Amino acid sequence: KQEVTQIPAALSVPEGENLVLNCSFTDSAIYNLQWFRQDPGKGLTSLLLIQSSQREQTSGRLNASLDKSSGRSTLYIAASQPGDSATYLCAVKQTGANNLFFGTGTRLTVIP
Amino acid sequence: DAEITQSPRHKITETGRQVTLACHQTWNHNNMFWYRQDLGHGLRLIHYSYGVHDTNKGEVSDGYSVSRSNTEDLPLTLESAASSQTSVYFCASSESLMGTQYFGPGTRLTVL
C-alpha cells in the first residue's frame, strides 16, 4: 500500500525566508502528485499538480518538483509571507488506484 | 462561479442515529469523492462515484453509504453512527480521473 510521508510536521520561519517542504512516497508507480493548502477549518485548495512525466511545476512563488524514481517531491516557497501560514498536504494518484493517497501535512507558520 | 458546498458544516449526533451529510457541486463534474480527515492520518477515501448511479467503496467504507441520483449531489449516509466516526468529512469532485480534485469546506461531525 502506498505510504506518503511529510517531514517536518511543523515548521516556523521568519517572513521573507525561502523554504522547502518535503514529501516522500513508497511506491513510484504514480500518475501524478498534487500539493494542497489547507487553512484552519477550511477545505483543501489545490496549489500544483505534477504529472508523472514532469519534473516540476511553477505557480507564482511556488515551485514543486518531482523525482519519481526516488519517491520524493518538494514544494519550494520563495519569499515567504504571513499569508502563507497554513498546512500543506501532498497527495499521490497511484497507477491502478482510484483514490489519492495523502500525507499528514506540514503546518507552516510564517512569523512577521 | 462554480463551487462545491457541504452541509451542515457542523453536526453533533448520538451513537446509533442515522446521519446524512450533503455534498453539492456546480462544476458539472462526473467524478465525486468523500474523504475523512483524522489527526495522525492523511485524508482517507470513503466512497467515490464516476457518474450517475455509479458508486464504489474506498479505503474506509464500512458503516457508510452513498447514492448518486444526479450529477450535482453525492450524499454520504452513516447508517448507525459510532464514536469512531467522529471526524471531519470532505467532499471533492474532479473533471477527469487524473486531474485536479476540488474540495468542499468540510463537515465536522461529532458522535457522542
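Residues numbered from 1 in each chain as written. Chains lettered and ligands numbered in written order. Predicted model: local features only at pLDDT ≥ 70, side-chain atom pairs only at ≥ 80, totals over all residues. Heavy atoms only, no water.

**Student:** When you look at unusual backbone geometry in this model, what are you seeing that I'm missing?
**Tutor:** Apart from glycine, the bulk of residues carry a negative phi angle, and the bulk of peptide bonds sit in the trans form. Between I7 of chain A and P8 of chain A the backbone carries a cis peptide bond, its omega angle lying at 5°. With respect to the helices, strands and loops of the structure, P8 of chain A is situated in the loop between β1 (4-7) and β2 (10-14). Residue A79 of chain A is not a glycine yet carries a positive backbone phi of 45°. Positionally, A79 of chain A belongs in the loop between β8 (72-77) and β9 (86-94). Look at N28 of chain B: it is not a glycine, yet its phi comes out positive at around 65°. Here N28 of chain B is to be found in the loop between β3 (19-25) and β4 (31-37). (Helix = DSSP H or I, 4+ residues; strand = E, 2+ residues; numbered from the N terminus.)

**Student:** Help me understand the packing of aromatic side chains in this model?
**Tutor:** Think of a pair of aromatic rings as described by two things: how far the centres are apart, and how the planes are tilted against each other in angle. Counting across every chain of the model gives ten aromatic pairs over all chains. Taking 5.7 Å as the distance between ring centres and 35° as the angle between the ring planes, the aromatic pair formed by F36 of chain A and F102 of chain A counts as tilted. Of the two residues, F36 of chain A is situated in strand β4 (residues 30-38) and F102 of chain A in strand β10 (residues 100-102); the sequence distance between them amounts to 66 residues. This pair shows no difference in class: F36 of chain A is buried, exactly as F102 of chain A is. For the pair F36 of chain A and F103 of chain B, a centre-to-centre distance of 5.4 Å together with 85° between the ring planes defines the contact as edge-to-face. Here the residue F36 of chain A occupies a position in strand β4, and F103 of chain B occupies one in strand β10 (residues 102-103), the pair thus bridging two chains. Take F36 of chain A and F103 of chain B: they sit in the same class, and that class is buried. (Phe/Tyr/Trp six-rings, centres within 6.5 Å; stacked < 30°, edge-to-face > 60°. Buried < 20%, exposed > 50% of the residue type's maximum accessible area, 1.4 Å probe, protein only.)

**Student:** Looking at this structure, how should I read the interface of chain B and chain A?
**Tutor:** Interfaces are often described in size by the accessible area the parts lose on coming together. With 21 residues of chain B at the interface, the matching set in chain A holds 21 residues. For the chain B and chain A pair, buried surface summed over both sides reaches about 1,600 Å², with 54% attributable to carbon and sulfur atoms. Summed over the three residues of chain B that lose the most area to chain A, namely L43, M98 and F103 of chain B, the buried surface amounts to 32% of that side. Counting every contact that joins chain B to chain A gives one salt bridge. A salt bridge links E59 of chain B to K1 of chain A, with the nearest nitrogen and oxygen atoms 2.7 Å apart. On inspection of chain B and its partner chain A, the count reaches three residue pairs in polar contact (both at pLDDT 80 or more). (Contact = heavy atoms within 4.5 Å. Buried area = accessible area lost by both parts, 1.4 Å probe. Salt bridge = Lys/Arg side-chain N within 4 Å of Asp/Glu carboxyl O. Polar contact = N/O pair within 3.5 Å; in protein donor to acceptor, adjacent residues only side chain to side chain.)

**Student:** Explain the pattern of salt bridges to me, please; I cannot follow it from the model alone.
**Tutor:** Two side chains bearing opposite charge may form a pair once their charged atoms approach each other closely. According to the stated counting rule, one finds six salt bridges over all chains in the structure shown. A salt bridge links R61 of chain A to D84 of chain A; the nearest nitrogen and oxygen atoms lie 2.8 Å apart. With R61 of chain A in the loop between β6 (56-59) and β7 (62-67) and D84 of chain A in the loop between β8 and β9, this residue pair connects regions lying 23 residues apart in the sequence. Using a relative accessible area of 30% as the deciding quantity, one classes R61 of chain A as partly exposed. Taking relative accessible area as the criterion, D84 of chain A reaches 7% and is therefore assigned buried. Put simply, D38 of chain B and R36 of chain B hold a salt bridge, and the shortest N to O gap is 2.9 Å. Considered together, D38 of chain B and R36 of chain B belong to a single accessibility category, that of buried residues. Beyond isolated ion pairs, a larger network of salt bridges with shared partners links R36, D38 and R44 of chain B.

**Student:** What is the right way to look at the environment of E79 of chain B in this model?
**Tutor:** Residues and elements named next belong to chain B. Checked against the element boundaries, E79 lands in the loop between β8 (76-78) and β9 (87-94). Taking relative accessible area as the criterion, E79 reaches 42% and is therefore assigned partly exposed. The spacing of E79 and Q101 is 22 residues in sequence and 27 Å in space, taken between C-alpha atoms. For E79, the contacting residues outside a window of four places in its chain are R17, Q18, G63 and S65. A polar atom in the side chain of E79 sits 2.6 Å from the side chain of S65.

That's the geometry; what it means functionally is another story.
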